Amino acid sequence: KTKIWSLDLDPITEMEDHSSFIFAACSLSSSSVDFATGGEDLRLLIYRECAKEQEILHPSTIWAICVDPQHDQDIITASGDGLIRVFTRVVSKRATEDEIASFKNEAEMSSLKGAEIDEKTIAAFPTVEDMKKHPGKKEGDIRVFRTGMVPKAYMWKEGKWDYVGEVMSQNV
């Protein structure tokens, strides 16, 4: 739960957007109630005026968040995988499409570990027949494809997807 109080310690609002422990919070502005939170559920949540504006899934637990006020309000996260990531609204500073796709794929795979996978999530994975439309970006990339409604993990190896195994969850 995220609780917001005034400087006089009057409660302003509560949000229950995280599903687990929150380890980091950071103000995004000194003139409004804009902030970011992150934690064990692998999600960076960005709030504007106490309303959730954006959610960015990470591949690992978020341990720290800060904002660079000198450089376009970039949001910087540090996570359990030992990486620091910078999120920006400045187009010229953004990651390439391949880097963004790789980050999203890593985050998606991490979020599935031990999680329950519902039918809607499984149906969103590309089918094994569509593998050629989704080449890996680099050796070792891992991606989930499905056969019918069975999710299966594949690793990009020597220019092709190599079967790793069935994706297991608590309800599959």
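In short, a report on the structure.

About the criteria used
Residues numbered from 1 in each chain as written. Predicted model: local features only at pLDDT ≥ 70, side-chain atom pairs only at ≥ 80, totals over all residues. Heavy atoms only, no water. Pairing = 2+ DSSP bridges. Helix = DSSP H or I, 4+ residues; strand = E, 2+ residues; numbered from the N terminus. Axes fitted to C-alpha atoms, helices over the stretch in contact; angles between N-to-C directions. Buried < 20%, exposed > 50% of the residue type's maximum accessible area, 1.4 Å probe, protein only. Phe/Tyr/Trp six-rings, centres within 6.5 Å; stacked < 30°, edge-to-face > 60°. 1 Å grid on protein atoms, 1.4 Å probe; cavity = no way out; pocket = protein on both sides within 12 Å on 5 of 7 lines; lining within 4 Å. Points joined across faces, edges and corners; volume = space filled by probe spheres on them. Nonpolar A, V, L, I, M, F, W, Y, C, P; charged D, E, K, R; others polar.

1. With respect to the sheet that holds strand E4 (residues 35-39)
(1) Moving on: Ordered in space as E3-E4-E5-E6, the four strands form an open sheet in which the pairing is antiparallel. Sheet topology places strand E3 (22-27) and strand E6 (51-57) at the edges, where each strand pairs with a single neighbour. Mean inter-strand twist for the sheet, computed between neighbouring axes without regard to direction, equals 20°.
(2) Moving on: With six bridges joining them, strand E5 (residues 43-48) and E6 adopt antiparallel strand pairing. Considered in E6, the bridge of Leu 44 is made with Ile 56.

2. Topic: unusual backbone geometry
(1) Moving on: The phi dihedral of Leu 42 is positive, around 70°, even though this residue is not glycine.
(2) Moving on: According to the relative accessible area criterion, Leu 42 is buried, its value standing at 11%.
(3) Moving on: In this structure, Glu 49 takes a positive phi of about 50° despite not being glycine.

3. A look at the sheet that holds strand E8 (residues 74-79)
(1) Moving on: One open sheet accounts for three strands, arranged E7-E8-E9; its pairing is antiparallel. With one partner strand each, in any of the chains shown, strand E7 (62-68) and strand E9 (84-87) form the two edges of the open sheet. Averaged over all pairs of adjacent strands, the angle between their axes in this sheet comes to 20°, without regard to strand direction.
(2) Moving on: One ladder, built from six bridges, connects E7 with E8; its direction is antiparallel. Its bridge partner lying in E8, Cys 66 is registered against Ile 76.

4. A short note on the pairing of E4
(1) Moving on: A large share of E4 lies buried, amounting to five of its five residues.
(2) Moving on: Residues Phe 35, Thr 37 and Gly 39 of E4 are buried on one face, and the alternating residues Ala 36 and Gly 38, pointing to the opposite face, are buried as well.
(3) Moving on: Direction of pairing for E3 relative to E4: antiparallel, over a ladder of five bridges. Residue Cys 26 lies in a different strand from E4, and its bridge partner there is Ala 36.

5. Some thoughts on the packing of aromatic side chains
Both the distance between ring centres and the angle between the ring planes are used here to describe each pair of aromatic rings.
(1) Moving on: One pass over the full model with this rule turns up eight aromatic pairs.
(2) Moving on: In textbook terms, an aromatic cluster arises when at least three aromatic residues are bridged by ring pairs, as seen for Phe 145, Tyr 154, Trp 156, Trp 161 and Tyr 163.

6. Looking at the layout of surface pockets
(1) Moving on: By volume, the largest pocket is sized at about 1,200 Å³.
(2) Moving on: Residue lining of the largest pocket: 42 residues in total, with Ile 56, Phe 87, Ile 100, Phe 103 and Lys 104 positioned closest to the centre.
(3) Moving on: Of all the secondary structure elements, the ones that give two or more residues to the lining of the largest pocket are E5, E6, E9, helix H1 (97-112) and strand E10 (142-147).
(4) Moving on: If you tally residues by element for the lining of the largest pocket, the top one is H1, at twelve residues.
(5) Moving on: Looking at the lining of the largest pocket residue by residue, the classes come out as 18 nonpolar, eight polar and 16 charged.
(6) Moving on: Put simply, the second largest pocket is a space of about 160 Å³.
(7) Moving on: Every residue along the wall of the second largest pocket is listed here: Ser 102, Asn 105, Glu 106, Met 109, Lys 138, Gly 140, Asp 141, Ile 142 and Val 164.
(8) Moving on: Per-element tally for the lining of the second largest pocket: the top contributor is H1, with four residues.
(9) Moving on: For the lining of the second largest pocket, the class distribution of residues is three nonpolar, three polar and three charged.

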